[in-house]
Amino acid sequence: MANITKKVSWSSRGDESGAAGEETPLLNGSEQSRPLRQMSSGSTVFQIGRLSTVDLDEEITTEEQDSARGRPKEIPHNEKLLSLKFESLDYDNIENQLFLEEERRMSFMAFRCLEISRWVICGLIGFLTGLIACFIDIAVEQLAGLKYKLIKENIVKFTEAGGLSISLLLWVALNSFCVMWGSIIVAFIEPIAAGSGIPQIKCFLNGVKVPRVVRLKTLVVKVVGVIFSVVGGLAVGKEGPMIHSGAVLAAGVSQGRSTSLKKDFKIFEYFRRDTEKRDFVSAGAAAGVSAAFGAPVGGVLFSLEEGASFWNQMLTWRIFFASMISTFTLNFFLSIYHNKPGELSNPGLINFGRFESEAMEYNLYEIPLFIAMGAIGGGLGAFFNFLNYWLTIFRIRYVHRPCLQVMEAMLVAAVTATVAFIMIYFSTDCQPLGPDHTEEYPLQLFCADGEYNSMATTFFNTPERSVRSLFHNPTGTYNSLTLGLFTLTYFFLACWTYGLAVSAGVFIPSLLIGAAWGRLCGILLASTTSTASMWADPGKYALIGAAAQLGGIVRMTLSLTVIMVEATGNVTYGLPIMLVLMTAKIVGDYFQEGLYDLHIKLGSVPFLHWEAPATSHWLTAREVMSSPVTCLNRIEKVGTIVDTLSNTSTNHNGFPVVVQVSGDDEPAKLCGLILRSQLIVLLKHKVFVELARSRLTQRKLQLKDFRDAYPRFPPIQSIHVSQDERECMMDLTEFMNPTPYTVPQDTSLPRVFKLFRALGLRHLVVVDDDNRVVGLVTRKDLARYHVGKHGLEELHLAQT
Amino acid sequence: MSLHRYELGFLLIILNIYSLGLIDAVNVTASDSAANPLQAPSYQSHGSSAVVSSPVYKPAVDSSYSINLLSSFPEDVEISEYCSEMLRLFGQRYVAYVNCLIPAARPVRVCQNCSPEYKSLSDVFLNISSDQMGPGNVSCRDSILRSDRLMLVFLLYGNLATIWEKSNCKQCVTTDFKGPNNDTLYYLTLLNQTITCFEKYKEGNHTELCKNCIPTYKDLNDMYSGMEKNSTLCIDLEDSMNMTRKLWSKNFGCSYPHGETIPVIAVSSFMLFLPIIFYLSSFLHSEQKKRKLIHPKRAKSHNSLMNIQDKQS
């Protein structure tokens, strides 16, 4: 007994090797490659190489195949691949005997306590997300303030004395310096923290286990990274990362422990399952949206739109609770920061300000105009995505070394500063200083005394502030040339920036581009008619333009509408914003997918959409499934199990348990399904039939033992099984899922798809008439079908 | 609604009155009663009495008569002697302040010229509005400020108080409002120096002016910026500074020259050139990342893409 419990203390060791081993990739492409085959010498390295392929579901490259077809074909990275490194999450509850036992033992009170602790966790998620948002906001404001002050003083000095090129160099150096740190921590420490994080969270909620996406380290890198990249003056926002941060927090808080810090608080142990975790992650994402935009309802709808497979009213209500708490917390702490403690009307990281003046009212005749702007936004968004798509492919293929990625990010920062400086330097648009300084850092440069450079308010500012000044500055603050030039340059800068190895969101840059050309539209409209009052305020058109551009790029629908409406705080804008987003989506979808979907595709993620591809009814489970399947007997020899698990070429994750494997290829009757993770825990605890007989006092394995190992199950190599033990037998009856979902061979693809998607399955066993296993359907089998230009196409599986 | 009823009820009479050219008076009464339904009955009775006594409104009646329409109320409702004295004082000082303000509107001198007037006006108002009992144990606050819907005195004072607030004059005058404070005085001296300098070199070449006046102008500008930071500015100073800056930059064209553009262009084109080098070199020298394709295990008879194409064709 003592012997066994001592041996059980493997988990931390497994973690380390696991953490070192998972050299994996992020969605938007920058990743470290490690040719797997070359690694097979040296035990630790071997382990590392192995681990990244553990995620294989049921796909095999056998040596025979390799030799038969020569070396595996190598192709450049493209969008039509599915990576093997992604596995599914186990949303389906394993109703084995242990589970039933535990349920029997739990009292009514225990269930009530669980319900209460769910609420407590949601409250905590909201609170902590709000705190993080607050931290990011204050840090960015302080650091950016410092930077702009420094540069402004320098510029003022050199405007007088001549030699502004020094100021330019200073600006470039400061930007590159900040971005360098932001990029180094992302590229070298946690590549998954790059980008906005929304595609990753989308995948997670879809049921794909993206490696390391919800770890504490990711959170830290994300938060610090976003501060650096915003302070570094890149064309990025801090809103997308907020959503990722919220999700990571939720995943961490709900588990009551941190495996990275090796600290277990011994609370919330019941929630250490994928099903529960997913619910909390959706709450975290909602809290993130809510903190970012001050839009609690928008946050809930975002979770609903992106991740809803299993929704019930209680969960929605809890998520709403988390969102509200998050906004409230942010408000509260920002009110303290702004020296108005208790004043709770400061919602959101990006505050669009209030659109309440009479000039902001709109009229029926403006609706067609808004729709036309939506169409422009859709077109521009598609163009943006198109450019970014090719850029990302180039980055995946050629700019994949971390040091190159850091250099690229620094270059972008330098060019951004340079372009901004040139624009400001050559701009002749001078505006008088307003009575209430809406401009934080007015630059005079060559303007007359008492006036400031109008271009500088757009470039020489954090993007959030620029958006706000475009929305709210009175008519005549910008002339149309300034806006046109700004739109043009910022469009390309933002497009170039997204996908760098820095933690950064695309929301704010999109809003900024849209607001600039929207305002331009407003000004042009006003100049066409003699009565400018008819078209009222250009700020209104800036808002519509911003919505159109954002909708054209990200293609979110319901949640984005609500987020925009909530962020402007004016419900009457609901209709135009909805119409604009609809048009933008329709027009954009005609040309190109949304940015997030594009990056999911480029990340080779087996993402399941809402529906099976159209025109796929003729495909049956027989063609979709993988076959033959590696099965295990109900009472299996330990040696066989170890061999099966450690076979490098077949990194299966689920094994149908059959009554008795008969001959070679003859299928056997199905009686259950067992997961790799379960087998590993069983091996670790040495739950062998012989041992159980000899040692009567042996502690019975409980569900808790499985939960303790979750979510980082050790690789099979870390488990030592002696020669004697290999001869023992293992009884899987108690631990396997005795009632796995099955389908007959002739089930059509859409039917399989629906079952898979709606129930959040990981393995679906295909059986014949006699309930004998003939195949296994996994996520990758389904995700590989998609409708392309030439009808139904199939994606290739590839090692990445 | 009451309006309609009213008008319908007295349609005949209105027609009657129309001929007398008094339609305006009745209309006002009617709309008032509509706006204040609560007061409607009293108004109505008043109105009807007016209408009933419409024969009184003879064309012959002159306008002075309508002002003294009401005979004076009994003693206890009338305002006290003290309060009417206060009211008179208020009127005097009000007129004095407004008279001072208007000539000081352009260029703005409201703080320098009119602060004492505002002081005395606000003193009276404070007296009126305080709840301290005056002689005869009466408080004028209720009788003057709050007795009617219009609250004329309050409204009038409110307007001027807003002007005072907006002009921010408080920052520029001494605490007893008697005259400009030290900062302002110093600023004004600087301003005068600058203006004298401008006057001196105004003729002829402006470059001379720019060169010679820059010390004083700079002092003035710095002083102004400092005051702006402490927010000790008032409208007088702001306006004078605005005018001076306009003179300086627009009329004399003394703002900074565009400087040497060549270094800026050189540095920035170097910066813009860097990414091109970077991408070219990484395209040429970095090895392209390849993906290994994996052949999935499938049931033998059915295989992938070919199968699809077969079935579709």
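How each quantity is defined
Residues numbered from 1 in each chain as written. Chains lettered and ligands numbered in written order. Predicted model: local features only at pLDDT ≥ 70, side-chain atom pairs only at ≥ 80, totals over all residues. Heavy atoms only, no water. UniProt positions renumbered as here; feature names shortened; annotations may be inferred. Pairing = 2+ DSSP bridges. Helix = DSSP H or I, 4+ residues; strand = E, 2+ residues; numbered from the N terminus. Axes fitted to C-alpha atoms, helices over the stretch in contact; angles between N-to-C directions. Contact = heavy atoms within 4.5 Å. Domains from an automatic or database assignment. Buried area = accessible area lost by both parts, 1.4 Å probe. Salt bridge = Lys/Arg side-chain N within 4 Å of Asp/Glu carboxyl O. Nonpolar A, V, L, I, M, F, W, Y, C, P; charged D, E, K, R; others polar. Left-handed = near helix turned anticlockwise from the far one by under 90°. Expected span 1.5 Å × (residues − 1). Polar contact = N/O pair within 3.5 Å; in protein donor to acceptor, adjacent residues only side chain to side chain. Buried < 20%, exposed > 50% of the residue type's maximum accessible area, 1.4 Å probe, protein only. Phe/Tyr/Trp six-rings, centres within 6.5 Å; stacked < 30°, edge-to-face > 60°. Lys NZ or Arg CZ within 6 Å of the ring centre and 35° of its normal. Core = buried A, V, L, I, M, F, W, Y, C linked by side-chain atoms within 4.5 Å. Patch = residues over 30% accessible without salt bridge, like charges linked within 9 Å, V, L, I, M, F, W, Y side chains within 5 Å. Areas by Shrake-Rupley, 256 points an atom, 1.4 Å probe, with all protein chains shown as cover.

- Naming follows an unreviewed UniProt entry, where chain B appears as Osteoclastogenesis associated transmembrane protein 1 of Poecilia mexicana.

- In the nomenclature of an unreviewed UniProt entry, chain A corresponds to Chloride channel protein from the organism Poecilia mexicana.
- In UniProt, chain A has this text filed under Subcellular location (unreviewed entry): "Membrane".

### Section: the sheet that holds strand β14 (residues 742–744) of chain A
Backbone hydrogen bonds hold the strands of a sheet together, and the pairing may be parallel or antiparallel.
All names here are of chain A.
Thinking step 1. With mixed pairing, three strands are arranged side by side in an open sheet as β14-β15-β16. Bordering the open sheet on either side are β14 and β16 (773–778), each of which pairs with just one other strand. Within this sheet the neighbouring strands show an average axis-to-axis angle of 30 degrees, counted without direction.
Thinking step 2. Across three bridges, β14 lies against strand β15 (residues 763–767) in parallel orientation. Counterpart to Thr742 in the pairing with β15 is Val765.
Thinking step 3. With respect to the sheet, helix α30 (residues 749–759) is in contact with β14, β15 and β16, its orientation differing from that of β15 by roughly 145 degrees.

### Concerning the sheet that holds strand β2 (residues 81–83) of chain A
Thinking step 1. Read from one edge to the other, the open sheet built from four strands follows the order β1(A)-β1(B)-β19(A)-β2(A), with strand pairing classed as mixed. Across the chains shown, the open sheet's two edge strands, defined by having one partner strand only, are β1 (74–76) and β2 of chain A. Strand-to-strand twist across the sheet, computed as the mean angle between neighbouring axes with direction ignored, equals 50 degrees.

### Quick word on the domain arrangement of chain A
All names here are of chain A.
Thinking step 1. What the domain assignment reports for chain A is domain 1 (141–235 + 362–607) and domain 2 (621–798).
Thinking step 2. A separation of 48 Å is found between the C-alpha centroids of domain 1 and domain 2.
Thinking step 3. Contact between domain 1 and domain 2 buries roughly 590 Å² in total, counting both sides, with carbon and sulfur atoms accounting for 45%.
Thinking step 4. Per-residue buried area on domain 1 facing domain 2 is highest for Asn206, Arg215 and Pro606; these three make up 67% of the total on that side.
Thinking step 5. Put simply, domain 1 and domain 2 have zero salt bridges between them.
Thinking step 6. Split into classes, the residues belonging to the side of domain 1 that touches domain 2 amount to three nonpolar, two polar and three charged.

### Here's the deal with the packing of helix α7 (residues 110–129) of chain B against helix α9 (residues 152–167) of chain B
Residues and elements named next belong to chain B.
Thinking step 1. For the pair α7 and α9, interaxial distance at closest approach is 11 Å and the crossing angle is 145 degrees. Here α7 runs over α9; the crossing is left-handed. Residue-level contacts link Val110, Cys111, Ser115, Tyr118, Leu121, Ser122 and Phe125 of α7 to Val153, Phe154, Tyr157, Leu160, Ala161, Trp164 and Ser167 of α9.
Thinking step 2. Across the contact of α7 with α9, the residue classes break down as 11 nonpolar, three polar and no charged.

### Brief notes about helix α13 (residues 313–337) of chain A
All names here are of chain A.
Thinking step 1. Helix length check: α13, at 25 residues, gives a terminal C-alpha distance of 36 Å against a target of 36 Å (1.5 Å per residue), a fit within 8%.
Thinking step 2. Those residues of α13 that are buried are in contact with α6 (108–161), α11 (274–293) and α12 (296–307).
Thinking step 3. For α13, the N-terminal capping position is held by Asn312, with its side-chain oxygen 3.1 Å away from the main-chain nitrogen of Met314.
Thinking step 4. At the exit of α13 stands Asn339, carrying a positive phi of roughly 60 degrees.

### Quick word on the pattern of salt bridges
Residues and elements named next belong to chain A.
Thinking step 1. All told, the structure shown has 34 salt bridges over all chains when counted by the stated rule.
Thinking step 2. Measuring nitrogen to oxygen at the nearest pair gives 3.0 Å for the salt bridge that ties Arg118 to Glu115. Within this pair, Arg118 and its partner Glu115 are both found in helix α6, separated by three residues, close to a single helical turn.
Thinking step 3. The exposure class assigned to Arg118 is buried, which follows from its relative accessible area of 14%.
Thinking step 4. For Glu141, the salt bridge identified is with Arg465, shortest N-O distance 3.9 Å. Here Glu141 is found in helix α6, whereas its partner Arg465 is found in helix α17 (residues 463–472), with 324 residues between them in sequence.
Thinking step 5. One network of salt bridges, in which partners are shared, links Glu115, Arg118, Arg273, Glu276 and Arg318.

### Section: the UniProt feature "transmembrane region" (unreviewed entry) in chain B
Thinking step 1. Annotation from UniProt places "transmembrane region" (unreviewed entry) at residues 262–284 of chain B.
Thinking step 2. In the segment residues 262–284 of chain B, helix accounts for 100% and strand for 0%; the C-alpha atoms at its two ends are 33 Å apart.

### Remarks on the packing of aromatic side chains
Residues and elements named next belong to chain A.
Thinking step 1. For the structure shown, the criterion picks out 42 aromatic pairs over all chains.
Thinking step 2. Summarising the aromatic geometry, the rings of Tyr425 and Phe426 are spaced 5.0 Å apart at their centres and angled 75 degrees between planes, so their arrangement reads as edge-to-face.
Thinking step 3. Of note, Arg273 hangs over the ring of Tyr270, and the distance from its end group to the ring centre comes to 5.0 Å.

### Some remarks on the nonpolar core
Thinking step 1. By size, the foremost hydrophobic cluster in this structure holds 162 residues, and its most contacted members are Leu164(A), Phe384(A), Ile424(A), Phe460(A), Phe471(A) and Met564(A).
Thinking step 2. The element that contributes the greatest number of residues to this core is α6(A), accounting for 15 residues.
Thinking step 3. Not counting residues up to four positions away in its chain, the partners in contact with Ile424(A) are Trp171(A), Leu443(A), Leu445(A), Asn453(A), Met455(A), Ala456(A), Phe459(A) and Phe460(A).
Thinking step 4. Core analysis: the second largest hydrophobic core is formed by 50 residues, Ala104(B), Val153(B), Leu191(B) and Cys197(B) among them.

### Quick look at the UniProt feature "domain: CBS" (unreviewed entry) in chain A
Thinking step 1. When the UniProt feature table is mapped to this numbering, "domain: CBS" (unreviewed entry) covers residues 736–794 of chain A.
Thinking step 2. Between the C-alpha atoms that bound residues 736–794 of chain A the distance is 33 Å, and the span itself is 27% helix and 37% strand.

### A word on the interface of chain B and chain A
Thinking step 1. Listed per partner, the contact involves 49 residues of chain B and 77 residues of chain A.
Thinking step 2. Both sides of the chain B and chain A interface together cover about 5,900 Å² of buried area, and 61% of this is carbon and sulfur.
Thinking step 3. One can count one salt bridge joining chain B with chain A.
Thinking step 4. Across the pair Glu451(A) and Lys250(B) runs a salt bridge whose closest N-O atoms are separated by 3.3 Å.
Thinking step 5. Put simply, chain B and chain A have 10 residue pairs in polar contact (both at pLDDT 80 or more) between them.
Thinking step 6. A per-element tally of the side of chain B that touches chain A places helix α13 (residues 262–285) of chain B first, with 13 residues.
Thinking step 7. Its residues assigned to classes, the side of chain B that touches chain A comprises 21 nonpolar, 14 polar and 14 charged.
Thinking step 8. Here strand β19 (residues 796–799) of chain A runs beside strand β1 (residues 290–294) of chain B; their pairing, made up of three bridges, is antiparallel. The partner of Ala798(A) across the bridge, within β1(B), is Leu293(B).

### Thoughts on a nonpolar patch on the surface
Thinking step 1. Taken together, the side chains of Phe273(B), Ile276(B), Ile277(B), Leu280(B), Phe283(B) and Leu284(B) define a hydrophobic patch exposed on the protein surface, amounting to about 590 Å² of accessible area.
Thinking step 2. Assignment of secondary structure puts Phe273(B) in helix α13.

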